[in-house]
Amino acid sequence: MSQIPSASDRFGRKNSGPIKTPARRASSKEIELDTDEDRQDPAAWRDEIVRTIFGDVGAIRRDFSCAIERKILLHGRLYVTERFICFYSNLFGFEKKIKIPYSHVTCVTKENTAVFIPNAIAVITARKEYVFRSFWDRDDCFNLLRAYHEMYRTVLEPASSHVEEEETQQESPKEKFETPVEAPSVPKQDLLKRIEGIAGPPVERPSTPDVADTPEHARSTAKAFSREVDSTKLAETLHTCVLPVSVDEFFAHFLADGCGFPLTKFHEGQGDLEVACTPWASSDGEHDRELRFRRLLNNPMGPKSARTTKIQRCRAFGRHGLVLHGVLSMEDIPYRDCFAIHDRWVVTPQNDGVDVAFEFEIKWSKSTIFKRKIESSSRSDLQAYYDAYAAAARAHLAAAPSSERSPPPPPPP
């Protein structure tokens, strides 16, 4: 029997005794949640996900957030197991899986990106070299990999020599980015420089003939923008706003390298720490970059802050519109392997400027009992983020001199 105070207690009178109430029976939903599976810790969820992707790879010692350099920068997670180095990425519809036996590794070295940034590790095998970069914990990962490499080289190599090295890549047909408008090609050497963050020669629009001004090209670009908007739509639109600029001016004010109001400045104004952003790297008409910051958290049950990485891909369609895709992942939080936060900015020209729609969706690799809580808190946080960003963008444009209202155009479509 449970007890509640009598009504007289609320008015300060002496309580003559507790009021008896029948004990409440637990609902079937509450009973259902109290199972061994639902009490499973986040590491067990992670291990199950890894086994589903890679099969039996032995016990997982630790996992790290990083990216691998390919045609585009693929951000994902590197799993250090007893028997393999495993990497998995599923970004913008491109799924990449790498599985390297320690017996195939000939060398593990620390590397720099952009010449002087110490955030990369090279894993070298007899077949090829894998360069993983953008680590938050580069030294911890390097020491663990080197320890396993030394152990297998001196003790376990003969027993594991039959295991094959694997690397697979698959493009999801549902999320494939169509590119019907031909873009200027970039030499391989210059593209590699851009991926490394070293300034290469700028990508220029073709000058003769100016196909961007022909009606046929304009119709093709408008159709491509419409297909992009329809095929990559996310679950919810959390905020829309109208800004008094053209599509080109929006990119130049808010997204271009060296723009007047970059995302790094906004994040610093929101109280985020360790904010950094790579330059845009261009490939096949798409432009990718990486934004990193440490977000302060108010959750009393979790960590005080979370290291956050956001990969952005921009697709510009001239004056017809612009789409900015983003995938956000957070370190240091429970169940981080179970989900990724996707957002999309759609910039559409209007008579009095551009309409900017901010969309959001959480994509799950494995469901948890905290799914609704995670979705609710993420939705609330992003709603506040977009509201604040729209207000800050309006304030920036209001304060910008009129001479800055005609900046150079964005990257070519």
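Residues numbered from 1 in each chain as written. Predicted model: local features only at pLDDT ≥ 70, side-chain atom pairs only at ≥ 80, totals over all residues. Heavy atoms only, no water.

(A) Spotlight on the nonpolar core. One finds L243, F250, F254, L255, W345 and Y389 to be the most contacted residues of the largest nonpolar core, which totals 47 residues. The dominant element in this core, judged by the number of residues it contributes, is helix α8 (residues 371-399), at nine residues. Once residues within four sequence positions are removed from consideration, W345 is found in contact with F250, L255, L263, L322, V323, L324, A357, F358, Y386 and Y389. Residues L74, L78, F142 and L145 belong to the second largest nonpolar core, which totals 23 residues. (Core = buried A, V, L, I, M, F, W, Y, C linked by side-chain atoms within 4.5 Å. Buried < 20%, exposed > 50% of the residue type's maximum accessible area, 1.4 Å probe, protein only. Helix = DSSP H or I, 4+ residues; strand = E, 2+ residues; numbered from the N terminus. Contact = heavy atoms within 4.5 Å.)

(B) Broad picture of the side chain of E359. When you line up the elements, E359 lands in strand β18 (residues 353-364). Here K233 takes part through its side chain, which lies 3.5 Å from a polar atom of the side chain of E359. A polar side-chain atom of E359 sits 3.2 Å from the main-chain amide nitrogen of L234. Those residues in contact with E359, other than ones at most four positions away along the chain, are K233, L234, E236, T237, H342, D343, R344, V346 and Y386. (Polar contact = N/O pair within 3.5 Å; in protein donor to acceptor, adjacent residues only side chain to side chain.)

(C) Seen up close, helix α6 (residues 247-254). Within α6, seven of the eight residues are buried, which leaves it mostly tucked inside the rest of the structure. All of the buried residues in α6 are V247, E249, F250, F251, A252, H253 and F254.

(D) Region of interest: the environment of H75. As for its placement among the helices and strands, H75 is situated in strand β4 (residues 73-81). Separated by 3.1 Å, the side chains of H75 and S65 make a polar contact.

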